[in-house]
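Structure assessment
For reference, the chains in residue letters:
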Amino acid sequence: AVWVSEVMLQQTQVATVIDYYNRWMQKWPTLQALAAASLEEVNELWAGLGYYSRGKRLQEAARKVVSQLAGRMPRTAEDLRKLLPGVGRYTAGAIASIAFGQATGVVDGNVIRVLCRLRCIGADSSSPAVIDRLWDMANALVDRSRPGDFNQALMELGATVCTPKAPLCGECPVKQYCRARHRKLFGKPTPVPDVEDCGAGDCPLCPKATEPWDSSLGVTNFPRKAAKKQPRAERTATCVLERRGRRGVPEYLIVQRPSSGLLAGLWEFPSLLLAPGLREEEQREVLADHLRAWTGQPVETGSLCFIGEVIHVFSHIHQTYVVYSLSLDGDMALDPASSPSRWVTEEEFHASAVSTAMKKVLRARERQRGEQSGRAKGSKRKRGAKSGAAGS
Ligand code: SF4
């Protein structure tokens, strides 16, 4: 349970995780149950939580524990990291200290902030020198008798008191040790115990001379981060292909993504990454070509109905989906030689392993359908009004 919650909470807020966590633990309460699940089931449950490789690796690791480690979970941070796929330094420390009581520290975003402020560490907090020093500090500070409680308390301090923008220094239980607060109150740094050891001028922990203390920022001068890399922009043409299914209910074609890379193994509407600089007509042509491979029949560019653009930001990609729809009249034989594909109703779509981005695409299609039927009703009413007027 600690392992599952730690993995789900990476890059994801508690409020979002709770429902996923409860459903996961109900479905797979033991390592053995998780090891017996299929990747498809894991992806379905994970759908919408993002960073999909996390769920996949959790399950791979559970299988490894069951099949190669005789069902015995490694119990130290070193072994957890060494033996289990997807378990990094933080997750290993959290599981070992919280679940197994090992006196080992953890460093997450909250701990980075608290420790950088406590010690006025002003160099880039993502640099290896700073990260290594923070781990040394966390390992030295951790309470030997209650390491799990200590680590959670330190993270909670960062989440609730030593917050990024408006820290509550007056209420902080460690304020008397805090060098950033001292500097804010007294306008100068606390004296360094032995300046000879400091490596002044070339210190990998001190702020650069070009980034002096800004007194208007107070303690929020720390931590400092290197400028974030901008996500790269991509455009993808996607088509909501639909047909009338049984009892006239709309059905959509979804296809499975490759088993590695972004959104590995998830399902999506037929989509195609667009080369930069394509004009609208060219986009239609390449999408029509792509659809021909799925439908096995020619697709006229003019039959593609443009819906709009849907934007979804992944951690490193600013993705714009250029969305079209296409309604098919007859039945369509799916080519079993191409990647897996299937027709789904709206309900089945939402129960499938589809990303949040694809749910946004379907919402855009539904909005368009609503507008179209609104227009159709409006025009019917108008016609009726006309004929009434003519009659009178
Ligand atoms: Fe953070 Fe303020 Fe506490 Fe220092 S005194 S650790 S800056 S909340």
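Each value, and the rule that gives it
- Residues numbered from 1 in each chain as written.
- Predicted model: local features only at pLDDT ≥ 70, side-chain atom pairs only at ≥ 80, totals over all residues.
- Heavy atoms only, no water.
- Near = heavy atom within 4 Å.
- 1 Å grid on protein atoms, 1.4 Å probe; cavity = no way out; pocket = protein on both sides within 12 Å on 5 of 7 lines; lining within 4 Å.
- Sits in = over half its atoms within 2 Å of the grid points.
- Nonpolar A, V, L, I, M, F, W, Y, C, P; charged D, E, K, R; others polar.
- Domains from an automatic or database assignment.
- Contact = heavy atoms within 4.5 Å.
- Buried area = accessible area lost by both parts, 1.4 Å probe.
- Phe/Tyr/Trp six-rings, centres within 6.5 Å; stacked < 30°, edge-to-face > 60°.
- Buried < 20%, exposed > 50% of the residue type's maximum accessible area, 1.4 Å probe, protein only.
- Helix = DSSP H or I, 4+ residues; strand = E, 2+ residues; numbered from the N terminus.
- Points joined across faces, edges and corners; volume = space filled by probe spheres on them.
- Pairing = 2+ DSSP bridges.
- Lys, Arg positive; Asp, Glu negative; His and termini not counted.
- Salt bridge = Lys/Arg side-chain N within 4 Å of Asp/Glu carboxyl O.

Things to note about the site of the ligand
Lining the immediate environment of the ligand, one finds Arg117, Cys162, Cys169, Cys172, Lys175, Cys178, Arg181 and Val219. Judged by the proximity of its atoms to the pocket grid, the ligand belongs to the largest cavity. For the shell around the ligand, the per-class residue count stands at five nonpolar, no polar and three charged.

Topic: the domain arrangement of the protein chain
Once the domains are mapped, the protein chain shows domain 1 (1-183) and domain 2 (232-380). Placing the centre of domain 1 and that of domain 2 at their C-alpha centroids yields a distance of 37 Å. Domain 1 puts eight residues into the contact, and the matching count from domain 2 is 15 residues. Summing both partners gives a buried area of about 770 Å² for domain 1 against domain 2, and 49% of it is carried by carbon and sulfur.

Regarding the packing of aromatic side chains
Applying the stated criterion across every chain yields a total of six aromatic pairs. Measuring from ring centre to ring centre gives 4.8 Å for tryptophan 24 and tryptophan 28, while their planes differ by 75°; the resulting arrangement is edge-to-face. Taken as a pair, tryptophan 24 and tryptophan 28 share a single burial class, namely buried. Judged by centre distance (6.3 Å) and plane angle (75°), the rings of tyrosine 252 and phenylalanine 269 are edge-to-face.

A closer look at the side chain of threonine 163
By the element assignment, threonine 163 lies in the loop between helix H10 (147-160) and helix H11 (179-186). Those residues in contact with threonine 163 that lie beyond four places of it in its chain are Arg113, Arg117 and Gly158.

Remarks on empty space enclosed by the protein
Going through the model one piece at a time under the given rule, you end up with one cavity of 30 Å³ or more. Looking at the largest cavity, its volume works out to about 120 Å³. Along the wall of the largest cavity there are 15 residues; nearest its centre are Arg117, Cys162, Cys169, Cys172 and Cys178. Sorting elements by how many residues they give to the lining of the largest cavity places helix H8 (residues 109-118) first, with three residues.

Focus on the pairing of strand E6 (residues 317-328)
Among the twelve residues in E6, ten count as buried, and that is most of the element. Pairing analysis gives twelve bridges linking strand E1 (residues 232-244) to E6, with the strands arranged parallel. What sits directly across from alanine 233, in E6, is histidine 318. Linking two consecutive strands that pair antiparallel, namely strand E5 (residues 305-313) and E6, is a turn of three residues.

Examining the side chain of glutamate 6
With respect to the secondary-structure elements, glutamate 6 resides in helix H1 (residues 2-9). Among buried Asp, Glu, Lys and Arg side chains, glutamate 6 stands out as unpaired, with arginine 54 the closest opposite charge at 9.7 Å. Contacts of glutamate 6, omitting those with residues within four sequence positions, involve Tyr90, Thr91, Ala94 and Ile98.

Quick word on the layout of surface pockets
Its boundaries defined by the atoms lining it, the largest pocket holds a volume of some 1,600 Å³. Lining the largest pocket are 36 residues, and of these Leu9, Gln11, Asp108, Gly109 and Asn110 lie nearest its centre. Elements supplying a minimum of two residues to the lining of the largest pocket: H1, helix H2 (14-27), helix H7 (89-98), H8, helix H9 (128-141) and H10. Take the lining of the largest pocket: its biggest share by element is five residues, from H8. In the lining of the largest pocket, the residues fall into 15 nonpolar, twelve polar and nine charged.

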